[in-house]
Structure formats: structure tokens, C-alpha cells
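Single-letter residue listing:
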Amino acid sequence: MSTYHLDYLEQLESEAIHIMREVAGQFERPGLLFSGGKDSITLVHLALKAFRPGKFPFPLVHIDTGHNFPEALNFRDKLVNKIGEKLVVGNVEKTIKEKNLTEQKGKFASRNALQTYTLLDIIDEYKFDALIGGARRDEEKARAKERIFSVRDEFGQWNPKLQRPELWNIYNGKIHKGENVRAFPISNWTELDIWNYVKREKIELPSIYFAHEREVIHHEGQLVSISEFIKPDKNDIVTKTKVRYRTVGDMTCTAAVESNATDIDGIIKEIIATKTSERGETRIDDKVSEAAMEDRKKTGYF
């Protein structure tokens, strides 16, 4: 009698589906953070496998900074309409006005720190006790410190020194009133795993992930797209370059990479050859300090 063994993508998929079902089973009011980027799109695909033919046991939640790439927003709305699930949108622009928050200054001013206020307000408004996110440990060293079930205190804060052990596939979702959990089903995946899975499952992604021509500014070795939020100065070097995006954050703090990869096979070849993580190569806001991401996470960033 032959025995079937799961390949590594099937193992990752099985683990992620198990984690999603654990979230649905252990929490009363979970949500799934969804931005229209490749990782959150993968989460939605996994959720379809985990819960269809039924409806999702949670809404999709997007914290809209107002500086998003239009390709990602359009894809977000298209996918939500296609699958017929609920989308909750928190507006950072609204939060800035209501709380009289001070925005960063400068050409590459980011709202990443400010979106934490909106996220915590959304958690309070909808009484979410768990949020599923698409963070992966290979993205950044602060991500690598995080457990799959990561507890936040009643103020939404994360303490990397106070985390629960996770033995085998047992996840402890017990929390006190006011606390919540961030759950990361694809924590053990790599960027290459995501793309291999996207290829195998034939998952549609926004066009921004594939090579296309853009006018970009050359800034400290990075290629930053000109937009309504990023205007070139007289000393900027502006070129029309064929680029793609490895990660999709705000237009103000996400750089592109020069690329000729117009299909998934080409992207996979580039990822195999690169020696730099996607955030390390493309996220301007992570370069503010050695602990930029960890500092944001401690105050409530997902």
C-alpha cells in the first residue's frame, strides 16, 4: 500500500488552514487584516479553503492610510466583491483629524506609525479579540521574534519578552478582558514560498507586482515612484525605469526594484538570486533605525 506524503507547500498550507480554524474556534470576534497585497491575498485564498462553502467567520479589515497604491486598492475592492465577504475600512486621514495627530514631515513622510491609532480604534469599535495578519518571519528581524499567536495587552502593546511557548501545533488563545491576539498563519512561509504557492494555486495578484515602466526617483540606492505624494526636487535624478514591487506598503515609503520579470517564473528566478529581504530592499521607513519595526509593534502596529 502506497503512502502519500505532503510536499512542503501542502504542509505550509495545511498549517495555515489549521491556524485559521483555531482562530475561528478560540475567539468570539476575529478579523482578517487585508490590504490588497500578495500576503493578505494569500490569506484570503487560504480562508476560502478553510471555510467554504460557508461564509468567513470574520470580516476583512483594511487600515487605509490614504497613501496606498491605487492598484492595490482597486484589487482589494475587486476581490471583496468577487468573494462576497464583509470589508471593514479604518481611515487614517479621519483619525488624524479627529485626534489632531501630527504627521511626519519631509518627502518620504510615512503614516505607518499613525495607522496604529486607527487600528486600535477599529479593534475597540468592533470589539475584535483577534486579528489575522500576513506577517512572515523572514520579512524583518522584529517579525522573527513574534509567535504565531501574539498577545497584545489592553493598550494594544506588544512585549517581545513576554510571549507564550508554542509547542508543536498547540496555540493558546486565552486572554484577559481588553487584550487581543494577532495571529500569523503564514509566519513560517518565506517570500519564495508565497510566490511558489501563488504559481501553484493560480492566484491573481495586482499588476504592480510585475515589471512595468514608472518614473522613479533615485534615492539612496532605492527607486521611489513619483506620485501625488512624492514630488521630485531639482536635485533628484528622475528616470523612466522598468520596475516591480516586492512588497506593497504606502507610496511614500515603499521603493520598487528594477526588474524585467513580467510573469511569476521570472519573479521566482529573481527572488532565488537576491540576497536582500523584501523589506530590507524596499521599505524606506524600516531604515529610520535598527529597531524601527519593533518600536512600531510595541505600540500596537500589526
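Structure shown above.
Quick summary incoming for the structure in this document. Computed from a predicted model, the values in this text were never measured in an experiment.

## Thoughts on helix H8 (residues 264–273)
Owing to its 3.6 residues per turn, the α-helix aligns residues three or four sequence positions apart on the same side.
Moving on, step 1. Looking at H8, one finds that the buried residues are Ile264, Gly266, Ile267, Ile268 and Ile271.
Moving on, step 2. Buried residues along H8 sit against helix H7 (191–201) and strand S9 (238–244).

## Focus: the environment of Ala183
Moving on, step 1. Mapped onto the fold, Ala183 is located in strand S6 (residues 180–183).
Moving on, step 2. Among the residues examined, Ala183 registers a relative accessible area of 0% and is labelled buried.
Moving on, step 3. Along the primary structure Ala183 and Arg147 are separated by 36 residues, whereas in three dimensions their C-alpha atoms are 8.2 Å apart.
Moving on, step 4. Excluding residues within four positions of it along the chain, Ala183 makes contact with Val23, Leu131, Ile132, Gly133, Ile148 and Phe149.

## Focus: the pattern of salt bridges
Moving on, step 1. Evaluation of the coordinates by the stated rule reveals 21 salt bridges.
Moving on, step 2. For Glu85, the salt bridge identified is with Arg52, shortest N-O distance 2.7 Å. Residue Glu85 is found in the loop between helix H3 (70–83) and strand S3 (87–91), and its partner Arg52 is found in the loop between helix H2 (38–51) and strand S2 (60–64); the two are separated by 33 residues along the sequence.
Moving on, step 3. Overall, the relative accessible area of 31% leaves Arg52 in the partly exposed class.
Moving on, step 4. A salt bridge links Arg246 to Glu191, with the nearest nitrogen and oxygen atoms 2.6 Å apart. One end of the pair, Arg246, is in the loop between S9 and strand S10 (257–258); the other, Glu191, is in helix H7, with 55 residues separating them in the sequence. Across the pair, Glu191 and Arg246 agree in class, each one buried.
Moving on, step 5. Beyond isolated ion pairs, a larger network of salt bridges with shared partners links Asp7, Glu13, Lys49, Arg200 and Glu201.

## Points about the packing of aromatic side chains
Moving on, step 1. If you walk through the whole model with that rule in mind, you get nine aromatic pairs.
Moving on, step 2. Ring centres of Trp195 and Tyr209 lie 6.0 Å apart, and the angle between their planes is 75 degrees; this geometry places the pair in the edge-to-face category. Pair noted here: Trp195 is in helix H7 and Tyr209 is in the loop between H7 and strand S7 (212–219), with a separation of 14 residues, a long-range link. The two residues Trp195 and Tyr209 agree in class, both being buried.
Moving on, step 3. Here the aromatic rings of Trp195 and Phe210 are separated by 6.0 Å at their centres, their planes lie at 80 degrees, and the arrangement is edge-to-face. Placement of the pair is Trp195 in helix H7 and Phe210 in the loop between H7 and S7, with a sequence separation of 15 residues.
Moving on, step 4. A relative accessible area of 1% means that Trp195 is categorised as buried.

## A short note on the sheet that holds strand S8 (residues 222–225)
Moving on, step 1. If you trace the four strands from one edge of the open sheet to the other, you get S8-S7-S9-S10, paired in antiparallel fashion. Strand pairing shows two members of the sheet lacking a second neighbour, S8 and S10, which therefore form its edges.
Moving on, step 2. Two elements, S9 and S10, share two bridges in a ladder whose sense is antiparallel. Each bridged residue has a counterpart across the sheet, and for Arg244 the counterpart in S10 is Val257.

## Quick word on H3
Moving on, step 1. Taking 1.5 Å of rise per residue, 14 residues should cover 20 Å, and H3 covers 20 Å from first to last C-alpha, within 8% of that figure.
Moving on, step 2. Those residues of H3 lying buried are Ala72, Phe75, Arg76, Leu79, Val80 and Ile83. Considered in projection along H3, the buried side chains sweep an arc of 130 degrees and stay on one side of the axis. In this structure, H3 carries Asn74, Asn81 and Lys82 as exposed residues pointing more than 90 degrees from its buried face.
Moving on, step 3. Looking at the packing, one finds that the buried side of H3 touches H2, S2 and S3.

Calculation rules
- Residues numbered from 1 in each chain as written.
- Predicted model: local features only at pLDDT ≥ 70, side-chain atom pairs only at ≥ 80, totals over all residues.
- Heavy atoms only, no water.
- Buried < 20%, exposed > 50% of the residue type's maximum accessible area, 1.4 Å probe, protein only.
- Helix = DSSP H or I, 4+ residues; strand = E, 2+ residues; numbered from the N terminus.
- Contact = heavy atoms within 4.5 Å.
- Salt bridge = Lys/Arg side-chain N within 4 Å of Asp/Glu carboxyl O.
- Phe/Tyr/Trp six-rings, centres within 6.5 Å; stacked < 30°, edge-to-face > 60°.
- Pairing = 2+ DSSP bridges.
- Expected span 1.5 Å × (residues − 1).
- Arc of directions from axis to C-beta.

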